[in-house]
Amino acid sequence: MSETISCTPEIATFEPPPLQCNEDSWGPCELPEAFKDIPYQPFSKSDRLGKISDWTGTAQTDKKFSNKYASQFGGGSQYAYFHEEDETTFHLVDSARIQKPPHQRGRFRGNMRNNRSGRGRGARGGVQVGGMTTLSKSASKLRDQRRGTTRKWGMRGPPPKIRDASVTVRPDWVTIEEMDFPRLAKLSLPSVKEGEDIKTCGTLEYYDKTYDRVNVKNEKPLQSVNRIFHTVTTTDDPIIRQLSKTQGNVYATDDILATIMCCTRSNYSWDIVIDKIGGKLFMDKRDNTEFDLLTVNETASEPPQEDGGVLNAPRNLAIEATFINHNFSQQVLKNGEKDPKYKFEHPNPFIGEEEDGEVASVAYRYRKWDLNNGITLVARCEHDAVLKMPQGDTQFLTIKALNEWDSKIANAVEWRQKLDTQRGAILANELRNNSCKLAKWTVQALLAGSDQLKFGYVSRAHVRDSSKHVILGTQQFKPQEFANQINLSMDNAWGILRCIIDICMKQKDGKYLIMKDPNKPMVRLYDIPDNTFDSDGEGEEGDDGEAFQPMYGYTAAPSSSAVAAQANTLATVPDQSEKASA
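Cut-off values and rules
Residues numbered from 1 in each chain as written. Predicted model: local features only at pLDDT ≥ 70, side-chain atom pairs only at ≥ 80, totals over all residues. Heavy atoms only, no water. UniProt positions renumbered as here; feature names shortened; annotations may be inferred. Helix = DSSP H or I, 4+ residues; strand = E, 2+ residues; numbered from the N terminus. Buried < 20%, exposed > 50% of the residue type's maximum accessible area, 1.4 Å probe, protein only. Salt bridge = Lys/Arg side-chain N within 4 Å of Asp/Glu carboxyl O. Pairing = 2+ DSSP bridges. Contact = heavy atoms within 4.5 Å. Axes fitted to C-alpha atoms, helices over the stretch in contact; angles between N-to-C directions. Parallel < 35°, antiparallel > 145°, perpendicular 65-115°, else oblique. Nonpolar A, V, L, I, M, F, W, Y, C, P; charged D, E, K, R; others polar. Polar contact = N/O pair within 3.5 Å; in protein donor to acceptor, adjacent residues only side chain to side chain. Patch = residues over 30% accessible without salt bridge, like charges linked within 9 Å, V, L, I, M, F, W, Y side chains within 5 Å. Areas by Shrake-Rupley, 256 points an atom, 1.4 Å probe, with all protein chains shown as cover.

The chain carries the name Eukaryotic translation initiation factor 3 subunit D in an unreviewed UniProt entry, which gives Anopheles minimus as its organism. Database annotation for the chain, UniProt heading Sequence similarities (unreviewed entry): "Belongs to the eIF-3 subunit D family." Looking at the Subunit (unreviewed entry) heading of the UniProt record, one finds this comment for the chain: "Component of the eukaryotic translation initiation factor 3 (eIF-3) complex."

Here we look at unusual backbone geometry
The phi torsion at N288 lies on the positive side, around 55 degrees, for a residue other than glycine. Of note, N288 is situated in the loop between β8 (280-284) and α6 (314-331). Overall, the relative accessible area of 31% leaves N288 in the partly exposed class. In this structure, N373 is a non-glycine residue whose phi angle is positive, near 55 degrees. Its location among the elements puts N373 in the loop between β10 (362-370) and β11 (376-383).

Structural notes on the pattern of salt bridges
A full pass over the atoms with the stated rule returns 19 salt bridges. Measuring nitrogen to oxygen at the nearest pair gives 2.8 Å for the salt bridge that ties D197 to R367. Residue D197 is located in strand β4 (residues 196-205), and its partner R367 is located in strand β10; the two are separated by 170 residues in the primary sequence. R227 is the salt-bridge partner of E205, the closest N and O atoms lying 3.1 Å from each other. Here E205, found in strand β4, pairs with R227, found in the loop between β5 (220-221) and α4 (238-243); they are 22 residues apart in sequence, far enough to count as distant.

Things to note about the sheet that holds strand β13 (residues 394-404)
Within the open sheet, the 5 strands sit side by side as β5-β15-β14-β13-β12. Their pairing is mixed. The open sheet terminates on both sides in strands that have one partner only, identified here as β5 and β12 (385-388). Note: strand β14 (residues 452-462) against strand β15 (residues 465-477), 9 bridges, orientation antiparallel. Residue Y457 lies in a different strand from β15, and its bridge partner there is G473. With respect to the sheet, α6 is in contact with β5, β13, β14 and β15, its orientation differing from that of β13 by roughly 145 degrees. Each of β13 and β14 is contacted by helix α9 (residues 435-448), which is oriented at about 170 degrees to β13, the strand it contacts most.

What to know about the environment of A321
With respect to the helices and strands, A321 occurs in helix α6. A321 sits in the buried class, given a relative accessible area of 0%.

Let's talk about the packing of helix α5 (residues 254-261) against helix α11 (residues 490-505)
Two quantities define a packed helix pair, namely the angle between the axes and the distance from one axis to the other. Viewed as axis vectors pointing N to C, α5 and α11 meet at an angle of 100 degrees, and their least axial separation amounts to 8 Å. When the axis of α5 is compared with that of α11, the two are roughly perpendicular. Here L257, I260 and M261 of α5 come into contact with α11, specifically with M490, A493, W494, I496, L497 and I500. Of the residues contributing to the contact of α5 with α11, the split by class is 9 nonpolar, no polar and no charged.

Considering the environment of S450
Structurally, S450 can be placed in the loop between α9 and β14. Distance from S450 to K478, taken between C-alpha atoms, is 8.3 Å for residues 28 residues apart in sequence. Discounting residues that sit within four places of it in the chain, S450 has contacts with E382, H383, F396, L397, T398, A445 and P479. A polar contact of 3.1 Å, which involves the side chain of S450, links it to the side chain of H383.

Overview of a nonpolar patch on the surface
Taken together, the side chains of L31, F35 and I38 define a hydrophobic patch exposed on the protein surface, amounting to about 320 Å² of accessible area. Along the polypeptide, I38 turns up in the segment before α1 (109-113).

The structure is reproduced here in structure tokens:
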């Protein structure tokens, strides 16, 4: 008998692992013992996973997306590798010089013939091909060391400079709106008509036409004119206070309006206080601020830095530019006792009975604009001089001065060599380096209704002395034609202003502040407490109780909100030990 063998296969058993249900988030509920005390680099599910390691030795990266594989939590420096061993004893096994193939010898010899002298003045420190100089790695590194910057791979230009805000944002301030420049640049309000005069005040002197014949060969020294300039803010203006009872619902000055309208061209931080009272807006500048100082090379590719020395520090350059503007605008006038003057209907409202000193030639136009939808703007605008034309009519002028401080540091054309022959190139360079300042001057001339915008070219008598200057030439434009040349659209300027007015009108009565971000192309609107800036003044009290703080380099007479621009000497010593007394 044969035995029966059972062929029934044995069934394998499978025990499923226990599953943990995480109802609050994703991932395991608890960490296994095998993974405890292991360093962990935080990551996000949106991070791109790229190459773990590259053994090819190529240093070439994607310049367009240099941070393609970078984590949003930053680089993990705790996992960085630092090699600290001495490699001085390391030598290559094969130290023979590699010979170039014969067909590559003298490859660029033909181009060198067209280059006058093979390694001439233009090709020093590099290889010159086709009229352009390519710096070698050592020369490029040396150039960056002189500039004090370190260039990263795939980075164009020096690293951005971190600027300070014009005012410190406090924790109790509430951000209402953030407006970036690309969005503001698309706004437009094309239906704004010419401003209507409400009241005219002040006295103007006539322009001296002999300054139109000044050139580089016939330069004139810039004189220090001992006159007082009033820079009264909106709510301190008695005329605006009077007009606010009967006309308009938005009030400002021409320099405040120009700052807002040209905000998309600004790089430096600035701020404006807006008070809403009974459905009306009052735009003011803060006390003891540098709002009235003119910027220098604000929009240049390499603006002035604090480490450039005391003489060419940004604030000292701003004081020097303001000093030049005020003195130039008064020197080019016929200011003799027998010379005639043009008087408006009302006298200067800022001259008090105890005013000590001569007041600058200035006239004020209080004008209003209808911005539609119930918005009426009332603003104080200024003229600097008046000009008698051969036909007998009278033209009003806005006079400003462009100043040259150091052409080598500013990477600009030297005015004494090119001003008479290439004035257009110098003006184009100024438009590139001072785009915001020139746009604001143009807007102020358009708001005031000036017939001419006259520029003066003023340079230092010596590069290392900012107290002595010379006038090298003048140039005049019609404001609207100059606005077209610099691509300044008044429709866009009115649109930006109307956008900010509409946002403020929707808020409740109180105090607000609009500030340009110091490091980003945007402006922010804050809701601030009503008592903000009330106790910030630490200077002497002026005639109207407003705090007055003397600016370095100026002798100023403390009048109502006045900062006098007359200066006998602008201190230039590095230690700044001597300061003018107010």
